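Residue-level listing of the chains:
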Amino acid sequence: MPAAGGEPLSEPAHPRLALRTSLARLSVRPRSILLLSLVPLLALVFGVVGWLLDWRLGVDSAVYRAGAITLLHGEPLYDANTLPPEPWWALLPFTYPPTAALLFVPLAILPVQIAWGVLTAISVLAMALVVRVAIGSLPTPPAVRRWWSSPARATLLFSLVMLGLEPVWRTIFLGQINLILMAVVVLDVLVITTRNSRWGGVLVGIASAVKLTPLVFVAHLFLTGRRREAFRAFGVFLGLQLLMLALIPGDTIRYWTKTISDTGRIGPVHWAGNQSLNGLMNRLTDLAPWASKAALGVAALLAIPAVWLMLRFHRRGQALAALLVTAFFGLLASPISWSHHWVWAVPLIVLLVSRLPQATLANAWKRWVATGAVVAVFISCVLLALPNGRNIELHWKFWQTVLGNAYILTPLVLTVVLVTRWALQRRRERARDDVAVPG
């Protein structure tokens, strides 16, 4: 519970992650450094080779770069559905806030393919950082850590395996920034903020200025008692918008008054790749005019158990689990959540795997089934296997509808299982208390 000044009365106890210590240990392990840098180096090599051979690498990173160049040239970002600097194979609208174009400026000095290579290298390292922070945030007692006693080895193994997840490799293939934004949020919420740093919340504010969906983590900070960091995050976000209003007033006003509500610039909301409640409702109702409003209503109802679940995890010292509840609620509630936005499956799988050694004989099979099911959903590429596009999703059979909304169903099923388990546990405790009172 937060005190009057915004600080929590009692901070949940969990291991404090020492990134400096981890980096120091890594610096004396040349083999680990080589393995960790292998994929990023390959990405940079592919970028250079792609530039020399004129490969089509990174559709979205090409749009980011084009947005930065357009900003530098003083041309409008949102007047047309394409930008002049875009290559012919990446003719897409710029859909991000004006602040994103400013932060993408470093990409403007690089050729398209090398810009993809740089973003990919940073993304892979960002995913490794997420894995390391997730491992360091586990509240598991040292006595049962076993395999986790070597976080460096676990980080390397997870980082390589996670490349097989569809949200991860699609993010890399497209040149997206999902892994980078996730790392920024995880680092802020689970490391910087927990140390009462004056920089707590700043990275969340910057991430929200690049893509609006991280604004949900401002609410996460506020509800978990980090009100000072929440206000700081929102202040950074608002400050960056005011900066862009001063630099490019026309584009900034146009974005916040017209572009932000124009989902047609982003893509068809009913396409199978949109794994959000909005996409689900539009697919189920055959694009009914009230579908998007119904999705907002469902999201509002889901906010109640989501907040309860998040706070329960937070009070029990499970900061990573609490953050994941917020992240997946944000994915469900967002009007558009493409499959590559679901990179939050990475820390979720780390959390689920970490609980396997703690299982008893009675519940071991349940945890193995749950973990295996989650991994299967995100590694199976089921969304690519199903027929999609050209409104085919509106005519799916029942089994196709289930598989075609697998990402959406995963956090919903996990929530139902957790709430049901805790409700049954509470009932058993009450029953034991009722029996014990007469005795």
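Conventions we followed
- Residues numbered from 1 in each chain as written.
- Predicted model: local features only at pLDDT ≥ 70, side-chain atom pairs only at ≥ 80, totals over all residues.
- Heavy atoms only, no water.
- Helix = DSSP H or I, 4+ residues; strand = E, 2+ residues; numbered from the N terminus.
- Buried < 20%, exposed > 50% of the residue type's maximum accessible area, 1.4 Å probe, protein only.
- Contact = heavy atoms within 4.5 Å.
- Areas by Shrake-Rupley, 256 points an atom, 1.4 Å probe, with all protein chains shown as cover.
- Polar contact = N/O pair within 3.5 Å; in protein donor to acceptor, adjacent residues only side chain to side chain.
- Salt bridge = Lys/Arg side-chain N within 4 Å of Asp/Glu carboxyl O.
- Phe/Tyr/Trp six-rings, centres within 6.5 Å; stacked < 30°, edge-to-face > 60°.
- Lys NZ or Arg CZ within 6 Å of the ring centre and 35° of its normal.
- Core = buried A, V, L, I, M, F, W, Y, C linked by side-chain atoms within 4.5 Å.
- pLDDT = per-residue confidence, 0-100.
- Patch = residues over 30% accessible without salt bridge, like charges linked within 9 Å, V, L, I, M, F, W, Y side chains within 5 Å.
- Lys, Arg positive; Asp, Glu negative; His and termini not counted.
- Charge placed at Lys NZ, Arg CZ, Asp CG, Glu CD.

Let's talk about the overall build of the chain
Moving on, step 1. Counting secondary structure elements, the chain contains 20 helices and zero strands.
Moving on, step 2. Taken across its 439 residues, the chain has 51% of its residues classed as buried.
Moving on, step 3. Sequence-distant contacts, at least 24 apart, represent 70% of the contacts inside the chain between residues at least 6 apart.
Moving on, step 4. Element-wise, carbon and sulfur atoms account for 68% of the exposed surface of the chain, whose accessible area totals about 21300 Å².

Some points on the environment of N178
Moving on, step 1. Mapping N178 onto the fold places it in helix 8 (residues 178-192).
Moving on, step 2. Put simply, N178 and K211 are 33 residues apart on the chain and 9.4 Å apart in space, counted from C-alpha to C-alpha.
Moving on, step 3. Sequence-distant contacts of N178, that is, excluding residues within four places in its chain, are made with T171, K211, H340, H341 and V343.
Moving on, step 4. Of the polar contacts made by the side chain of N178, one reaches the side chain of K211; its length is 3.0 Å.
Moving on, step 5. Of note is the side chain of N178, whose polar atom sits 3.0 Å from the side chain of H340.

As for the pattern of salt bridges
Moving on, step 1. Counted according to the given criterion, the structure contains three salt bridges.
Moving on, step 2. The partner of R170 in a salt bridge is E166, and the shortest N-O contact between them spans 2.6 Å. Residue R170 and its partner E166 are both found in helix 7 (residues 166-174); the two are separated by four residues, about one turn of the helix. With respect to class, R170 is no different from E166; both count as buried.

Structural notes on the packing of aromatic side chains
Moving on, step 1. A complete count under the given rule lists 19 aromatic pairs for this structure.
Moving on, step 2. With 5.8 Å between their ring centres and 70 degrees between their planes, W308 and W422 make a pair best called edge-to-face. Taken together, the positions of W308 in helix 14 (residues 291-315) and W422 in helix 20 (residues 406-436) put the pair 114 residues apart, joining distant regions of the chain.
Moving on, step 3. On the basis of relative accessibility, which here comes to 7%, the residue W422 falls in the buried class.
Moving on, step 4. The rings of Y64, Y78, F94, Y96, F104, F234, F237, Y255 and W256 are connected pair by pair, giving a single aromatic cluster.
Moving on, step 5. Stacked on the ring of F222, the Lys or Arg R227 has its end atom at 4.9 Å from the ring centre.
Moving on, step 6. Lying across the ring of W422, R312 places its NZ or CZ 4.1 Å from the centre.

What about the nonpolar core?
Moving on, step 1. Among the nonpolar cores identified, the biggest contains 103 residues, and F94, F104 and W344 are the most heavily contacted of them.
Moving on, step 2. Looking at this core element by element, the count peaks at twelve residues for helix 8.
Moving on, step 3. In this structure F94 touches V63, Y64, G67, L77, Y78, L83, A100, A101, F104 and R265, once residues within four positions along its chain are discounted.

What about the confidence of the model for the chain?
Moving on, step 1. Of all residues in the chain, 88% attain a pLDDT of 70 or more, and the chain-wide mean is 89.
Moving on, step 2. For the chain, the element scoring lowest by mean pLDDT is helix 1 (residues 19-27), at 62; helix 10 (residues 216-223) scores highest, at 98.
Moving on, step 3. Ignoring residues within four places in sequence, the model shows residues 1-15, a span with pLDDT below 50, making 32 contacts including any to other chains.

Looking at a positive patch on the surface
Moving on, step 1. A cluster of like positive charges, contributed by R316, K366, R421, R428 and R432, occupies part of the molecular surface.
Moving on, step 2. Relative to the helices and strands, R316 resides in the loop between helix 14 and helix 15 (319-333).
Moving on, step 3. Judged by its relative accessible area of 45%, R316 falls in the partly exposed class.

Considering helix 16 (residues 345-354)
Moving on, step 1. Within helix 16, ten of the ten residues are buried, which leaves it mostly tucked inside the rest of the structure.
Moving on, step 2. Along helix 16, the residues that are buried comprise A345, V346, P347, L348, I349, V350, L351, L352, V353 and S354.

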